[in-house]
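Residue-level structure breakdown
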Amino acid sequence: MQMPMSDANASFAAHLGGDRKGTIHDWRMPPAETHWIHLELTHEAEAWLLNRGRIDPVAFRALVAMGARPRCAAFDDGVLVVLRGVNTNDGADPEDMVSLRIWIEKSRVVTVAPRPVAAIGDLHNRIAHGRGPSTPAELVVDISGRMLDRMTPIVSELEEETDILSEMLIEGDLARFREGLAKLRRRLIQFRRHLSPQRDTLKALLREGHLVFGEQDRELLREVAERTTKYVEDISSMAERATVMHDELEGRLNERMNRNMQTMSLVAALFLPVSFLSSLFGMNVGGIPWGSSDWGFVWLCGVMVALMAGQVWGMRRMNLFGLH
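Here is a short report on the structure shown in this document. Model, not experiment: these values are computed from the prediction. (Residues numbered from 1 in each chain as written. Predicted model: local features only at pLDDT ≥ 70, side-chain atom pairs only at ≥ 80, totals over all residues. Heavy atoms only, no water.)

1. Regarding the overall build of the protein
For the record, the criterion: Here a strand is any run of E in DSSP of at least two residues, a helix any run of H or I of at least four, and the numbering for each starts at the N terminus. Between the two quantities, the radius of gyration covers C-alpha atoms and the globule rule is 2.2 Å times the number of residues to the power 0.38. Burial status follows relative accessibility: with a 1.4 Å probe on protein chains alone, a residue under 20% of its type maximum counts as buried, one over 50% as exposed, and anything between as partly exposed. Between two residues, a contact is recorded if the distance between any of their heavy atoms is within 4.5 Å. Using a 1.4 Å probe, the Shrake-Rupley method yields the accessible areas, and only the shown protein chains count as cover for residues. Only four residue types enter the tally: Lys and Arg on the positive side, Asp and Glu on the negative side; His and the chain ends are excluded. Charged side chains are reduced to one point each, which is NZ for Lys, CZ for Arg, CG for Asp and CD for Glu.
Scanning the protein from terminus to terminus reveals eight helices and seven strands. Computed over the C-alpha atoms, the radius of gyration of the protein is 35 Å, more than 25% above the 20 Å expected from 2.2 N^0.38 for a compact globule of 324 residues. Across the 324 residues in the protein, those meeting the buried criterion constitute 42%. Pairs at least 24 apart in sequence give 62% of the contacts found in the protein among residues at least 6 apart. Taken as a whole, the protein presents about 17600 Å² of accessible surface, with 55% of it coming from carbon and sulfur. Seen as two clouds, the 38 positive and the 43 negative side-chain charges of the protein have centres 3 Å apart.

2. Quick notes on the pattern of salt bridges
What counts, and what does not: A pairing counts as a salt bridge when a side-chain nitrogen of Lys or Arg comes within 4 Å of a carboxyl oxygen of Asp or Glu.
If you walk through the whole model with that rule in mind, you get 17 salt bridges. A salt bridge links R28 to D26, with the shortest nitrogen-to-oxygen separation between them at 3.1 Å. Note that E255 is salt-bridged to R259, the shortest N-O span being 3.9 Å. On the criterion of helical spacing, the pair formed by E255 and R259 is a turn pair, its members being four residues apart in helix α7 (residues 215–281). Several salt bridges share partner residues, and in doing so they unite E95, E157, E161 and R187 into one network.

3. Overview of helix α2 (residues 57–64)
We count it as follows: The definition of a polar contact used here is a pair of N or O atoms within 3.5 Å, where within protein one atom must be able to donate a hydrogen and the other to accept one, and adjacent residues in sequence count solely through side-chain atom pairs.
Turning to α2, its buried residues number three or more, namely A59, F60, A62, L63 and V64. Residues of α2 that are buried sit in contact with α1 (43–52), β4 (71–74), β5 (79–85), β6 (98–104) and β7 (108–113). With a side-chain oxygen lying 2.9 Å from the backbone nitrogen of V58, the N-terminal cap of α2 falls on D56.

4. Notes on the packing of aromatic side chains
This is how the line gets drawn: Pairing of aromatic side chains here covers Phe, Tyr and the six-membered ring of Trp, requires ring centres within 6.5 Å, and sorts the geometry by plane angle: under 30 degrees stacked, over 60 edge-to-face, intermediate tilted.
Counting across every chain of the model gives three aromatic pairs. Summarising the aromatic geometry, the rings of W27 and W48 are spaced 5.9 Å apart at their centres and angled 80° between planes, so their arrangement reads as edge-to-face. Residue W27 is located in the loop between β2 (24–25) and β3 (35–40), and its partner W48 is located in helix α1; the two are separated by 21 residues in the primary sequence. Classification of W48 as buried rests on a relative accessible area of 8%. Note on F75 and W103: the rings are 5.7 Å apart at their centroids and 55° apart in plane angle, and the pair reads as tilted. Remark: W103 occurs in strand β6 and F75 occurs in the loop between β4 and β5; sequence separation between them is 28 residues. Of the residues examined, F75 reaches a relative accessible area of 16% and is grouped as buried. For W103, a relative accessible area of 0% puts it in the buried group.

5. Details of the nonpolar core
Condition: By nonpolar core is meant a set of buried Ala, Val, Leu, Ile, Met, Phe, Trp, Tyr and Cys residues that side-chain atoms within 4.5 Å join together.
W36, I143 and M151 are the most contacted members of the largest nonpolar core, which has 57 residues in total. If you tally residues by element for this core, the top one is α7, at 11 residues. Leaving out residues up to four positions away in the same chain, W36 has contacts with F12, A13, A14, L16, V109, T111, I120, L123, I127, L139 and I143.

6. What to know about the pairing of β5
Put simply, the rule is: We call two strands paired when DSSP finds no fewer than two bridges between them.
Counted residue by residue, β5 has seven buried out of seven residues, so it is predominantly covered. Side chains V79, V81, L83 and G85 project from β5 onto one buried face, and the interleaved L80, V82 and R84 project onto a second face that is buried too. Examined bridge by bridge, β5 and β6 share seven bridges and lie antiparallel to one another. When the sheet's bridge partners are listed, V82 is paired in β6 with R101.

7. What about a nonpolar patch on the surface?
Convention followed: Like-charged residues are merged into a patch within 9 Å and nonpolar side chains (Val, Leu, Ile, Met, Phe, Trp, Tyr) within 5 Å, provided each residue has over 30% relative accessible area and no salt bridge.
A surface patch of nonpolar side chains, about 710 Å² in accessible area, is lined by W290, W295, F297, V298, W299 and V303. Along the chain, V298 falls in helix α8 (residues 296–317).

8. Remarks on unusual backbone geometry
A positive phi is found at R54, a non-glycine position, where the angle reads about 55°. Its place among the elements puts R54 in the loop between α1 and α2.

Here it is in structure tokens:
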């Protein structure tokens, strides 16, 4: 029974080898041979897993849990693997990563996804055309690689954003820089939060004895783990650059604030004697100098100007105007 391509992320079952390789089945009636069951996490699928899935109860709870983090755990009859991938669904942010839970046995693989996963759609199409994996080990390696492939353009995009922010900082466009830096740091934190444990998950999967990895499968999975490690290191490096840029931003803002405070202090110092004189001569008492002179106001203004000129000359001699 062939499923429409648009339903590639809906629940289905598929042969993984033999003469019937490439056929898609109803997930409620999986084939008896080596097969893969993919389940969209619904109440019906959850009930099927619980009652007919023949899965360890602890593993079952991990398969249907919300917000599962990447991990690898071995049980008596299988291996539980949780992976995270970039969210490529319409209207979603890539850093809101989707999770894929995988239960692996020697002749069966069960995958559970709360949300559509692009890698599942890719494999569905390949299996429907007779070009899918032939063994559970090959399927797991293929899923891991395809989920990681979608991280490649994201890492390149993050590197470009980091370079653009560095140029903004050099040019002094601090308003746009602050907004962009906050967004970049949030994205880096989210990606690193999921990729770091995924690297350890893939390395742990390589050590599991439940799966019979062929030499080629083992080499491909090792390459996926190394690429994941590289992406984690790249993201960590960008996070460090973002921290350095943030420190530089704080330094520039503090320098600007200090410069403004120093300017305000100098202005206040310049007008302090003048304010004192104006307050002194404004007292309504007898004996004010030049109180009866027609030129009194002019003389007082001249004294104020001379006083301010003397202050400016003194401040220049003391290099108080050398603001850096």
